[in-house]
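# Topology and contacts: notes
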Amino acid sequence: MDFRINSFFVSMVILINVLLAGCVTYQIAKYVEGDEVNVPKEELEVGKTTLEEALSILGAPDKVAKVGVENLLVYERALLYRNRIKVGIPLSEIIRGNLSMAAYGTLVRYDSLALFFNTEGILSHKTFEKGTSHPYFKTLFADKQ
């Protein structure tokens with residue numbers, strides 16, 4: 001997943017900083033919540049892998065649910081990217097205060113592995129999504145229009 005900085009935006013920040021006697025800060029933050037989601041293709045075979053085998057390979061899931069008669073295990077990681085700019089102009093000599101403006105943008109992406117097990121504890125189907133904009137449960141139970 002690429003993370004690019006707009007050169008026009010950076011140029012404007014520098015120009016504003018030169019023209020105004022104030023403080024300009026630019027922050028780039030990256031947060032990761034959860035462990036990396038690995039999909040061992042050879043070890044998780046639909047119709048053969050048992051629930052116990054899946055748990056021993058992947059460990060404890062992030063979420064567990066019952067969907068109909070099937071058990072659902074969800075392994076998920078969230079990646080958050082945030083850009084933030086803040087401009088402060090000291091006006092204390094003129095009006096006893098400071099002018100401050102801030103703006104930020106956030107992008108969150110999810111890597112999700114969902115494993116469905118039937119009543120006998122055998123893997124019935126699996127899905128893997130990398131870089132989606134919503135967590136798996138939100139897309140699973142969303143109303144289709």
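Reference entry: report on the structure contained in this document. If you're wondering where the values come from, they're calculated on a predicted model, not measured in any experiment.

## Brief notes about the overall build of the protein
Each helix and strand counted, the protein has four helices and five strands in total. Counted from the first residue to the last, the protein has its helices and strands arranged as α-β-α-β-β-α-β-β-α. Looking at the 145 residues of the protein, the share that counts as buried comes to 23%. Summed over all atoms, the accessible surface of the protein reaches about 10200 Å², with 55% contributed by carbon and sulfur.

## Remarks on a nonpolar patch on the surface
On the surface, Phe-9, Val-10, Tyr-26 and Ile-28 cluster together to form a nonpolar patch covering roughly 310 Å² of accessible area. Listing elements by their share of the nonpolar patch, those giving two or more residues are α1 (7-19) and β1 (23-33). Within the secondary structure, Ile-28 sits in strand β1. Overall, Ile-28 belongs to the partly exposed group, its relative accessible area being 45%.

## Overview of the nonpolar core
Listed in full, the nine residues of the largest apolar core are Val-37, Leu-44, Ala-54, Leu-73, Tyr-75, Leu-113, Leu-115, Phe-117 and Leu-123. Those elements that provide at least two residues to this core are β3 (70-90) and β4 (98-117). In terms of residue count, β4 provides more of this core than any other element does, three residues in total. Look past the residues within four positions of Val-37 in its chain and what remains in contact with it is Tyr-75, Glu-76, Arg-77, Asp-111, Ser-112, Leu-113 and Phe-128. Leu-72, Ala-114, Phe-116 and Tyr-136 belong to the second-largest nonpolar core, a separate cluster that totals six residues.

## Concerning the side chain of Ser-112
Its place among the elements puts Ser-112 in strand β4. Residue classification places Ser-112 among the buried positions, given a relative accessible area of 3%. Separated by 2.6 Å, the side chains of Ser-112 and Glu-76 make a polar contact.

## Some remarks on the environment of Met-101
One can find Met-101 in strand β4. As a C-alpha pair, Met-101 and Ile-85 span 16 residues in sequence and 8.3 Å in three-dimensional space. Ignoring sequence-local partners within four residues, the contact set of Met-101 consists of Ile-85, Lys-86 and Val-87.

## Focus: a negative patch on the surface
On the surface, a cluster of negative charge is made up of Glu-33, Asp-35, Glu-36 and Asp-62. Here Glu-33 shows up in strand β1.

## Here's the deal with the side chain of Glu-76
Examined against the element boundaries, Glu-76 turns out to sit in strand β3. Only 2.9 Å separates the side chain of Glu-76 from the side chain of Lys-63, close enough to count as a polar contact. Look past the residues within four positions of Glu-76 in its chain and what remains in contact with it is Glu-33, Gly-34, Asp-35, Val-37, Asp-62, Lys-63, Tyr-110, Asp-111, Ser-112, Pro-135 and Tyr-136.

## Section: the environment of Glu-53
Position of Glu-53 among the secondary structure elements: in helix α2 (residues 51-58). Note on Glu-53: relative accessible area 40%, which makes it partly exposed. It is 9.6 Å that separates the C-alpha atoms of Glu-53 and Ile-122, two residues lying 69 residues apart in sequence.

## A few points about the pattern of salt bridges
Overall, the coordinates contain four salt bridges when judged by the stated rule. The shortest N-O distance in the salt bridge between Lys-48 and Glu-45 comes to 3.6 Å. Relative accessible area serves as the criterion here: at 59%, Lys-48 is assigned to the exposed category. Through salt bridges with shared partners, a single ionic network connects Arg-77, Asp-111 and Lys-130.

Calculation notes
- Residues numbered from 1 in each chain as written.
- Predicted model: local features only at pLDDT ≥ 70, side-chain atom pairs only at ≥ 80, totals over all residues.
- Heavy atoms only, no water.
- Helix = DSSP H or I, 4+ residues; strand = E, 2+ residues; numbered from the N terminus.
- Buried < 20%, exposed > 50% of the residue type's maximum accessible area, 1.4 Å probe, protein only.
- Areas by Shrake-Rupley, 256 points an atom, 1.4 Å probe, with all protein chains shown as cover.
- Patch = residues over 30% accessible without salt bridge, like charges linked within 9 Å, V, L, I, M, F, W, Y side chains within 5 Å.
- Salt bridge = Lys/Arg side-chain N within 4 Å of Asp/Glu carboxyl O.
- Core = buried A, V, L, I, M, F, W, Y, C linked by side-chain atoms within 4.5 Å.
- Contact = heavy atoms within 4.5 Å.
- Polar contact = N/O pair within 3.5 Å; in protein donor to acceptor, adjacent residues only side chain to side chain.
- Lys, Arg positive; Asp, Glu negative; His and termini not counted.
- Charge placed at Lys NZ, Arg CZ, Asp CG, Glu CD.

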